[in-house]
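# Residue-level structural notes
Chain by chain, the residues run as shown.
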Amino acid sequence: MGKASASIEHLYRVFTKPEGKDSKLAQIEEHLSDNLSDFLSQHVVTKAKSLEDIEKHFCDYQVPESPEFVSEHAEKLLDKLVAHSVNTYSPTFIGHMTSALPYFHLPLAKLLVGLNQNLVKIETSKAFTPLERQVLGMTHELVYGQSEVFYNQYLHSARQSLGAFCSGGTIANITALWVARNKALRAEGKFRGIAQQGLAAGLKHYGYQSLGILSSKRGHYSLSKAVDILGIGREQMLMIDCPTQRLSPEKALALGQEFQQQGNKLLAIVGIAGTTETGHIDPLDELADVAKELDCHFHVDAAWGGATLFSRQHRQKLKGIDRADSVTLDAHKQMYVPMGAGMVVFKDPGDSNAVRHHAQYILRAGSKDLGATTLEGSRNGMAMMVYASFNIFGRQGYELLIDHSIKKANIFAEMIEQHPNFELVTAPTLALLTYRIKPEFVVEPSEAENEILDRLTVIVQKQQREAGKSFVSRTRLAVEKYGSQIITVFRVVLANPLTTKQDLKNILQEQLDFAKKTKAWKELKAGRDLMVDDKKQSVG
Ligand SMILES: *Cc1c(COP(=O)(O)O)cnc(C)c1O
């Protein structure tokens, strides 16, 4: 094989002709589509190198001067990149919301790239535009269940939109709060609205000191990003303590009233349907009442938990979600779609007009270009993946997946509770739970012991990750049981349908094996032994 040269012929070939069937890239492709999990276990090295070691592969800071053959490059990618990536398909990778995907997404992804449609405007997407609107409509129906007449009127309307498709929950949340902000500071009299005249003019016109948004402390960090870019300011992101992991409607009402009495305007209350850290669901129905009382927008962040609506058994946990003005859902979480599929749906299809933008060459007034009401510009046709999944699984298929995950989370919770050396910290509402190691000799840990247990959790979590067989994540939570002391816990998301009970047993065993060898464990043991001695002495 000669050296690739920067000739027109070479470049032409790169655009048009794949290298032969036996080329490296073709082999990769075949292996991927033939047996993905085999491909991953063969090429993704589980024993982790340190990030610093990996960085050494990525130190060139100039675009290479001369071209390279595709096959040579593919080889390089396997060695440098794929080998040191993370096998999110592994059934023992249970620390995050990212998991294995159904196999059909792989060929579909190829189709998606092959077509390379741009959903910002009809001129570059054609049928993908009505498809995306249909997906938004199906999601809207899942949440709000409006009538046939309603969907006939709005599904493909040029003047309204049932929602916005975007790259993820972060953009979905920002879009919802952007709508809330522009509605609160809308045009009135001589004031031409915040979108035209800006925040300062809006506050002045309406006589508000500041704007604010309220959620519980479990609110996702995307909310802080939202208040930052929307000009509201992070200090006006009012996050309420929630030792029970759910936002108290009474506290929300009290804080909202206090905030408004000081001359501010509360823009929105954000209820969470499935918190990222513990999977809890806020009391949405009561929060809808509070939002009504405070006359503010009610947004529900159901990025992770929204798919629960597919389950007849569990959907009532989200009671009141249909009273939200807007709802965020991530198809790339519990709907098993590849990353890059977020949605926000609006109860009132006219709401999207609060952020409508027009331009001369595209997004002309009256057109059905999706880009007129989305924050993002050029976007790919990910809606196709959601559409395919909705069809291939159907509501019933998703119901099975959701019910199965929640059941497994409960089985794991029971396993933890029955284990003398583990403590269940937050029980699963959905398929997410938190727990920690608590050696059986530590009964009712003191504050100081909790701090040692924190260290133990951190060390074990790191060692387990580095060993590379399995992965759980960790977080820090205030829990009621310990007088709101913040403790460190393992966090588990049971997203992968292929994770077995035996996998879960093995994960606990591995953690315990690591734990017993730590200094923290020995410290705890020594402390308890001393206490026993003290007791003996005082009795004697
Ligand atoms: C994941 C998540 C988000 C953010 O979504 P991205 O898709 O990562 O941008 C927001 N809120 C909640 C509750 C989430 O679980």
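Source: prediction; values computed, not measured.

## So, the side chain of Ser-99
Looking at the element boundaries, Ser-99 is found in the loop between helix H5 (70-80) and helix H6 (105-115). Of the residues examined, Ser-99 reaches a relative accessible area of 12% and is grouped as buried. The contact partners of Ser-99, leaving out residues within four places of it in the chain, are Thr-88, Tyr-336, Ala-495 and Asn-496.

## Some points on the site of the ligand
Around the ligand, a shell composed of 15 residues is seen, among which Gly-169, Thr-170, Asp-301, Asp-330 and Lys-333 lie nearest. The separation between an oxygen atom of the ligand and a polar main-chain atom of Gly-169 is 2.8 Å. A distance of 2.8 Å separates an oxygen atom of the ligand from a polar side-chain atom of His-332. For the shell around the ligand, the element with the highest residue contribution is helix H9 (residues 169-184), accounting for 3 residues. Of the residues belonging to the shell around the ligand, the class tally is 3 nonpolar, 9 polar and 3 charged.

## Points about the nonpolar core
A general trend in soluble globular proteins is that nonpolar side chains are found buried together. In terms of nonpolar packing, the biggest core is built from 100 residues, with Val-327, Phe-412 and Tyr-435 touching the most fellow members. Looking at this core, the element that brings in the most residues is helix H15 (residues 383-418), giving 15 residues. Here this core gathers at least three residues from each of two domains, domain 2 (131-381) and domain 3 (406-539). Of all hydrophobic cores here, the second largest spans 29 residues; its members include Ala-164, Leu-177, Ile-194 and Ile-213.

## Notes on helix H16 (residues 447-467)
Owing to its 3.6 residues per turn, the α-helix aligns residues three or four sequence positions apart on the same side. Taking 1.5 Å per residue as the helical rise, H16 with its 21 residues ought to reach 30 Å, and the 30 Å between its terminal C-alpha atoms agrees with that figure. Within the span of H16, buried status applies to Glu-449, Asn-450, Ile-452, Leu-453, Asp-454, Leu-456, Thr-457, Val-460, Gln-461 and Gln-464. Count one or two residues on from H16 and you reach Gly-468, which has phi positive near 85 degrees.

## Let's talk about the environment of Asn-87
The residue Asn-87 is located in the loop between H5 and H6 in this model. On the basis of relative accessible area, Asn-87 is assigned to the buried category, the value being 18%. Here the alpha-carbon distance between Asn-87 and Ser-99, two residues 12 residues apart in the chain, equals 8.9 Å. Every residue in contact with Asn-87, bar those within four places of it in the chain, is listed here: Leu-40, Val-44 and Phe-93. A polar atom in the side chain of Asn-87 sits 3.1 Å from the backbone nitrogen of Tyr-89.

## A closer look at the sheet that holds strand S7 (residues 342-346)
In spatial order, the strands read S1-S7-S6-S5-S4-S2-S3; together these 7 strands make up an open sheet with mixed pairing. Looking along the sheet, the strands with just one partner apiece sit at the ends: strand S1 (163-166) and strand S3 (237-240). Here the strands of the sheet are splayed against their neighbours by 20 degrees on average, with no regard to which way each runs. Across 4 bridges, strand S2 (residues 211-216) lies against strand S4 (residues 265-272) in parallel orientation. Considered in S4, the bridge of Ile-213 is made with Ala-268. Sitting on the sheet, helix H7 (residues 128-144) is in contact with S1, strand S6 (326-330) and S7, with an inclination near 65 degrees to S7.

## Notes on unusual backbone geometry
One non-glycine residue with positive phi stands out, namely Tyr-336, at about 55 degrees. Relative to the helices and strands, Tyr-336 is located in the loop between S6 and S7. Given the relative accessible area of 5%, Tyr-336 is considered buried. At Ser-484, a position not held by glycine, the phi torsion is positive, near 65 degrees. Tracing the backbone through its elements, the reader meets Ser-484 in the loop between strand S10 (473-478) and strand S11 (486-493).

## Remarks on the packing of helix H2 (residues 24-34) against helix H3 (residues 36-43)
Two numbers describe how H2 lies on H3: the axes approach to 5 Å, and their chain directions differ by 120 degrees. Between H2 and H3, the angle falls in the class oblique. For the pair formed by H2 and H3, the contact residues are Ile-28, His-31, Leu-32 and Asp-34 on the first element and Leu-36, Asp-38, Phe-39, Gln-42 and His-43 on the second. When the residues that make up the contact of H2 with H3 are grouped by side-chain class, the tally is 4 nonpolar, 3 polar and 2 charged.

## Points about the state of the cysteines
Here, disulfide denotes a covalent bond that connects the sulfur atoms of two cysteines. Under the criterion given, the structure shown has 0 disulfides. The closest cysteine sulfur to the non-disulfide-bonded Cys-296 is located on Cys-242, 18 Å from its own sulfur. Exposure remark for Cys-296: the relative accessible area of 11% places this residue in the buried category.

## Side note on the domain arrangement of the protein
On domain assignment, one finds that the protein holds domain 1 (8-85), domain 2 (131-381) and domain 3 (406-539). Distance between the C-alpha centres of domain 1 and domain 3: 40 Å.

## Here we look at H7
For H7, which comprises 17 residues, the first-to-last C-alpha distance of 24 Å matches the rise-based estimate of 24 Å (1.5 Å per residue) to within 8%. Taken across its 17 residues, H7 has 13 buried, putting it largely inside the fold. Just downstream of H7, Gly-145 is the residue with a positive phi angle, here 50 degrees.

Definitions and limits used
Residues numbered from 1 in each chain as written. Predicted model: local features only at pLDDT ≥ 70, side-chain atom pairs only at ≥ 80, totals over all residues. Heavy atoms only, no water. Helix = DSSP H or I, 4+ residues; strand = E, 2+ residues; numbered from the N terminus. Buried < 20%, exposed > 50% of the residue type's maximum accessible area, 1.4 Å probe, protein only. Contact = heavy atoms within 4.5 Å. Near = heavy atom within 4 Å. Polar contact = N/O pair within 3.5 Å; in protein donor to acceptor, adjacent residues only side chain to side chain. Nonpolar A, V, L, I, M, F, W, Y, C, P; charged D, E, K, R; others polar. Core = buried A, V, L, I, M, F, W, Y, C linked by side-chain atoms within 4.5 Å. Domains from an automatic or database assignment. Expected span 1.5 Å × (residues − 1). Pairing = 2+ DSSP bridges. Axes fitted to C-alpha atoms, helices over the stretch in contact; angles between N-to-C directions. Parallel < 35°, antiparallel > 145°, perpendicular 65-115°, else oblique. Disulfide = S-S within 2.5 Å.

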